[in-house]
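Each chain, written out:
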Amino acid sequence: MPRRAGRGPEETRRALLDAAARVIRTRGVSASLDDIARAAGVSKGGLLYHFPAKDVLVRTLAQDLLEAFRTEVRAALDPADTAPGRLTRAYVRASLDTSYDEVAVRETIALIAQLISIPEVAGIARADAERWERELREDGLPADVVTLVVAAADGASTAPLWGAGIDVAAARKLEQQLLALTRSA
């Protein structure tokens, strides 16, 4: 009997990262590899083939989250915008994107809160924040404008965590105000 084709290595790896996100978000960072493998529908050996240790899996999950946001910012870059502050404007648009449902936003924030409690992940996040600071500082805007605009966008993007909900009209208005600040600097 021929072997039935299953998931490819990249699909399995993605399934493991998605399962790790779900399990860690609900059970915390003490969740076992067995729990994660079961949630992904693979054996523990299959998990260990892709991620040889739990810290490798957790580190990869954290890096995946950080890279996903970078990808969102790159996607929000306006090709017609060549003025100083182009990256900062993309950062604002990505941070205030209201196309995600509130539950997904809360779940992502809850996952990040779990992961950031791990010292190695905190170090990875710190390095990513330093990279953002450097890239945004080199974006051509005054430092105080970047600080204000980014802090406002970051703060507003976490509002769903506190049950405030995503008020699309208010988010769009804030986005326009922050973008205007980057253009008048």
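Residues numbered from 1 in each chain as written. Predicted model: local features only at pLDDT ≥ 70, side-chain atom pairs only at ≥ 80, totals over all residues. Heavy atoms only, no water.

Side note on the overall build of the protein
In terms of regular secondary structure, the protein is built from 9 helices and 0 strands. The order of α-helices and β-strands along the protein, N terminus first, is α-α-α-α-α-α-α-α-α. Taking the principal axes of its C-alpha atoms as reference, the protein extends roughly 65 × 35 × 35 Å. Summing over all exposed atoms, the protein offers an accessible surface of approximately 10,500 Å²; the carbon and sulfur share of this is 57%. (Helix = DSSP H or I, 4+ residues; strand = E, 2+ residues; numbered from the N terminus. Areas by Shrake-Rupley, 256 points an atom, 1.4 Å probe, with all protein chains shown as cover.)

Considerations on the nonpolar core
Among the nonpolar cores identified, the biggest contains 22 residues, and Ile 24, Ile 36, Leu 47, Leu 57, Leu 61 and Leu 115 are the most heavily contacted of them. Elements with a minimum of two residues in this core: α1 (9-27), α2 (33-40), α4 (54-75) and α6 (102-115). Tallying contributions element by element places α1 first for this core, with 7 residues. Ranked by size, the runner-up nonpolar core spans 11 residues in total, among them Ala 76, Ala 94, Leu 141 and Val 146. (Core = buried A, V, L, I, M, F, W, Y, C linked by side-chain atoms within 4.5 Å. Buried < 20%, exposed > 50% of the residue type's maximum accessible area, 1.4 Å probe, protein only.)

Observations regarding the side chain of Ser 95
Note on placement: Ser 95 falls in helix α5 (residues 86-95). By relative accessible area, Ser 95 is classed as buried at 11%. Other than its neighbours up to four places away in sequence, Ser 95 contacts Phe 69, Ala 153, Asp 154 and Ser 157. (Contact = heavy atoms within 4.5 Å.)

Observations regarding the pattern of salt bridges
A full pass over the atoms with the stated rule returns 12 salt bridges. One salt bridge in this structure joins Glu 67 and Arg 74, with 2.6 Å as the shortest N-O distance. The partly exposed category is assigned to Glu 67, whose relative accessible area is 33%. Taking the relative accessible area as the measure of exposure, Arg 74 reaches 45% and is therefore partly exposed. One salt bridge connects Glu 175 with Arg 172, and the closest N-O pair in it is separated by 2.2 Å. With Glu 175 and Arg 172 both in helix α9 (residues 168-184) and 3 residues apart, this pair spans about one turn of that helix. On the basis of relative accessibility, which here comes to 8%, the residue Glu 175 falls in the buried class. Each of Arg 70, Asp 128, Arg 131 and Glu 135 takes part in a single network of salt bridges with overlapping partners. (Salt bridge = Lys/Arg side-chain N within 4 Å of Asp/Glu carboxyl O.)

A short note on α2
Buried residues of α2: Leu 33, Asp 35, Ile 36, Ala 37 and Ala 40, and no others. Turning to α2, the residues buried within the fold contact α1, α3 (44-50) and α4. Just past α2, the residue Gly 41 takes up positive phi, approximately 75°.

A word on the packing of aromatic side chains
We describe a pair of aromatic rings using the distance from one ring centre to the other and the angle between the two ring planes. Within this structure, the stated rule accounts for 3 aromatic pairs. Between Phe 69 and Tyr 91 the ring centres are 5.2 Å apart and the planes differ by 85°, which places this aromatic pair in the edge-to-face class. Within this pair, whereas Phe 69 is found in helix α4, its partner Tyr 91 is found in helix α5, the two being separated by 22 residues in sequence. Residue classification places Tyr 91 among the buried positions, given a relative accessible area of 7%. A centroid spacing of 5.2 Å and a plane angle of 80° characterise the contact between Tyr 91 and Trp 132, whose relative ring orientation is edge-to-face. Pair noted here: Tyr 91 is in helix α5 and Trp 132 is in helix α7 (residues 119-137), with a separation of 41 residues, a long-range link. Each member of the pair, Tyr 91 as well as Trp 132, carries the same accessibility label: buried. Counting every residue linked through ring pairs, the aromatic cluster contains Phe 69, Tyr 91 and Trp 132. Taking NZ or CZ as reference, Arg 70 lies 4.0 Å from the ring centre of Trp 132, over its face. (Phe/Tyr/Trp six-rings, centres within 6.5 Å; stacked < 30°, edge-to-face > 60°. Lys NZ or Arg CZ within 6 Å of the ring centre and 35° of its normal.)

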